[in-house]
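Given next are the chains, with one letter for each unit.
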Amino acid sequence: MSFSRGNNDFPLEALKVHGPNYLKHALTSCTDPLKAIEEFQVTNGILLPSLRPMLPLLDLHGVRRLDFHMSVVEELREKLINHINEIGKQEGKERDHKLKELLVKSFPVVKVKAMRPIVMAILKNTPQIDDHYLKVLVRDRELYNDTDTEVKRQIWKDNQSLFGDEVSPLLSQYITEKENVLFDHTNLSTQFFGPSPKVRRQGEVVQKLAHMIGNSVKLYDMVLQFLRTLFLRTRIVHYCTLRAELLMALHDLEVQDIISIDPCHKFTWCLDACIREKNVDIKRSRELQGFLDNVKRGQEQVLGDLSMTLCDPYAINFLATSAIKILHHLIHNEGMPRDNTILILLLRMLALGLSAWVMIDSQDFKEPKLDSQVVTKFLPALMSLMVDDQVRQLSGKLPPDEREAAITIIEHSGPLPDAVEAYIQDSTVASILAMYYTLHVARLKDRVGLLRILTVLANCKDDRAFEDPFLHSLVCLLIQNADEFQAEDFCTALFDEFFFAGLSRDNVTRHLLKMLWYVHHKLPASRLHSLMKALQPTHQHSEKVHNLYKLLQDKINSQEESTAPVEMDIDMNSPLMSVPTPAPYHHTL
């Protein structure tokens, strides 16, 4: 089929509608131009005899013929589009035949803006569009931009680079939105882990991506490949979140063509339910374990996608928080960690999630073996810290004399057990559990417990303690306990032993600046001065760090000026200045 429009300036000539060339020829080759114009109007006007006598009436009311005809075009266009959409709802070969006929007749005028919506409606309702139509749309940027997503899907299937150009801004927007929540220094009410999974996947980017994919398995696979590639290139874990949210958004939309063939669907669905309910019961734990145990030989690559699902910060937050809850439960019931099957499963999933980047990068799809000593040595040591915390809490409620006796019996605020520091240096699973224990004591405002764990937290394997989701949660909790910043021992443990160890990282500086935004007025002047000096950004820091530092500096300076003592104005010329100061009055009996 040829898409020649006849005259390049007037596409309607391809449909044998007279255009400017015909009119020019008629005017230059006739003896009566007015008659030629009238004939042109009659030939190309609305072929309705009863309408013709009404046109002079419109002229009397000052209605231009162009305005009248355009209003008719708009009305007919809407009716025609509605009719095309009705045809599109039908099924079978008759529908396809009607749409194909309409497309053949109308496509030559696709570049006429007034007619384009009709052509686009036909394309939108055509399930399989011939390639030669799609090529015309791709070659013309204006036409491509006006094309509906339903049509673009058919273009994208065979044009990955074009699809990547469409998806890339959305992925960047998604990462920016996540980072804005993590670093926003003006808003403490929006917690990163606050929204439920259902609310999160209603976000603009997730919904747009789901709409762009539709029910196309090929486009879905492309998006997953983009996410894997970007995760490997940047190590940004939010791409793992998007992988899970996108799958569950398609689950909500019941896109069976995709969810029925994604091997991660049932696992992600089950995990999503656990995160939503903030609980994993026996039934769901068996389902999750069954998915992991039943990865068949030759299908090990699915472990890569499962590990991405578990590397999602919201999944890690759920797994670690649930593990800490179970440890408290075991303490109350005098149970052993190794005997709790749900706890072992949580640690197994945690280990798989934390190994996601290495697994995908190496393409060695083997589930990492959970170190048994994390269960038999590290967890008991961590539980001993929890017991110490509980004993201190109880002793604090005792009368002073009994409290001293209780503390004398056993030291509950001394150095950490060696196993805690040793294992957080060697195990990412142990590191994550130590970090979530830190959040637990910070939430309880347990000063002693927090100071104890802060002394070793910077030693977590792979610098896990300096990752954004954890620092965001920790900073938000510390801000709520701002009075502690007045104490030097608290500042020494928090800043000197923990935060300063990660200060070479741009993100750590941003979290520290956010915290100082709220607590700087509580800090001793010398400590605040040393912090601002240490945090002063260099050319290696991002523009956002420079801007936030400047804002914080201005805020501190303005508060210092407002609290500075006001000097009294003394009139040196006053006659009272020459009056001697009276001698002290001594009253004697």
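Just so we're clear, the structure is a prediction, and the values are computed from it rather than from any experiment.

Peer 1: How should I be thinking about the nonpolar core in this particular structure?
Peer 2: A general tendency of soluble globular proteins is for nonpolar side chains to be buried together. Counting 166 residues, the largest nonpolar core has Phe378, Phe495, Phe498, Phe499 and Met515 as its most contacted members. Setting aside residues no more than four positions away along its own chain, methionine 515 makes contact with Val475, Leu478, Ile479, Phe485, Leu494, Phe495 and Phe499.

Peer 1: Just to check I follow, could you spell out the packing of aromatic side chains for this structure?
Peer 2: For any pair of aromatic rings, the description consists of the separation of the ring centres together with the inter-plane angle of the planes. Taken as a whole and judged by the stated rule, the model has 13 aromatic pairs. Summarising the aromatic geometry, the rings of phenylalanine 485 and phenylalanine 490 are spaced 5.3 Å apart at their centres and angled 75° between planes, so their arrangement reads as edge-to-face. A residue is classified by how much of its surface remains accessible, and phenylalanine 485, at 0% relative accessible area, is buried. Arginine 200 extends its terminal NZ or CZ atom over the ring of tyrosine 314, reaching a point 3.6 Å from the ring centre. One cation-aromatic arrangement involves lysine 555 over tyrosine 518; the distance from NZ or CZ to the ring centre is 5.9 Å.

Peer 1: Sorry if this is basic, but what is going on with the state of the cysteines here?
Peer 2: Tallying each qualifying case throughout the model produces 0 disulfides. Unpaired in this structure, cysteine 240 has its nearest cysteine sulfur neighbour in cysteine 311, at a distance of 4.0 Å. With no disulfide partner, cysteine 274 has as its closest neighbouring cysteine sulfur the one in cysteine 270, 4.7 Å distant.

Peer 1: Just to check I follow, could you spell out the environment of aspartate 462 for this structure?
Peer 2: Relative to the elements of secondary structure, aspartate 462 occurs in the loop between α26 (447-457) and α27 (468-479). On the basis of relative accessible area, aspartate 462 is assigned to the exposed category, the value being 52%. Placed 31 residues apart in sequence, aspartate 462 and serine 431 show a C-alpha to C-alpha distance of 9.1 Å.

Peer 1: Can you help me understand the side chain of aspartate 262 in this one?
Peer 2: Along the chain, aspartate 262 falls in the loop between α15 (256-259) and α16 (265-277). A polar contact of 2.8 Å, which involves the side chain of aspartate 262, links it to the backbone nitrogen of cysteine 264. If we skip the residues at most four places from it in the chain, aspartate 262 touches Tyr220, Leu224, Arg243 and Leu247.

Peer 1: How should I be thinking about the packing of helix α13 (residues 217-234) against helix α18 (residues 302-311) in this particular structure?
Peer 2: The packing of two helices is summarised by the inter-axis angle and the distance between the axes. Two elements in contact, α13 and α18, have axes whose closest approach is 12 Å; the angle formed by their N-to-C orientations is 65°. Our classification of the angle between α13 and α18 gives roughly perpendicular. Crossing of α13 over α18 shows left-handed handedness. Of the residues in α18, those in contact with Leu227, Arg228 and Phe231 of α13 are Asp305, Met308 and Cys311.

Peer 1: Just to check I follow, could you spell out the environment of lysine 366 for this structure?
Peer 2: For lysine 366, the position within the fold is in the loop between α21 (356-362) and α22 (372-395). Residue lysine 366 is classed as exposed on the basis of its relative accessible area, which comes to 60%. A sequence separation of 63 residues divides lysine 366 from leucine 303, and the C-alpha atoms of the two residues are 7.3 Å apart. Discounting residues that sit within four places of it in the chain, lysine 366 has contacts with Leu303 and Met359.

Rules used throughout
Residues numbered from 1 in each chain as written. Predicted model: local features only at pLDDT ≥ 70, side-chain atom pairs only at ≥ 80, totals over all residues. Heavy atoms only, no water. Core = buried A, V, L, I, M, F, W, Y, C linked by side-chain atoms within 4.5 Å. Buried < 20%, exposed > 50% of the residue type's maximum accessible area, 1.4 Å probe, protein only. Contact = heavy atoms within 4.5 Å. Phe/Tyr/Trp six-rings, centres within 6.5 Å; stacked < 30°, edge-to-face > 60°. Lys NZ or Arg CZ within 6 Å of the ring centre and 35° of its normal. Disulfide = S-S within 2.5 Å. Helix = DSSP H or I, 4+ residues; strand = E, 2+ residues; numbered from the N terminus. Polar contact = N/O pair within 3.5 Å; in protein donor to acceptor, adjacent residues only side chain to side chain. Axes fitted to C-alpha atoms, helices over the stretch in contact; angles between N-to-C directions. Parallel < 35°, antiparallel > 145°, perpendicular 65-115°, else oblique. Left-handed = near helix turned anticlockwise from the far one by under 90°.

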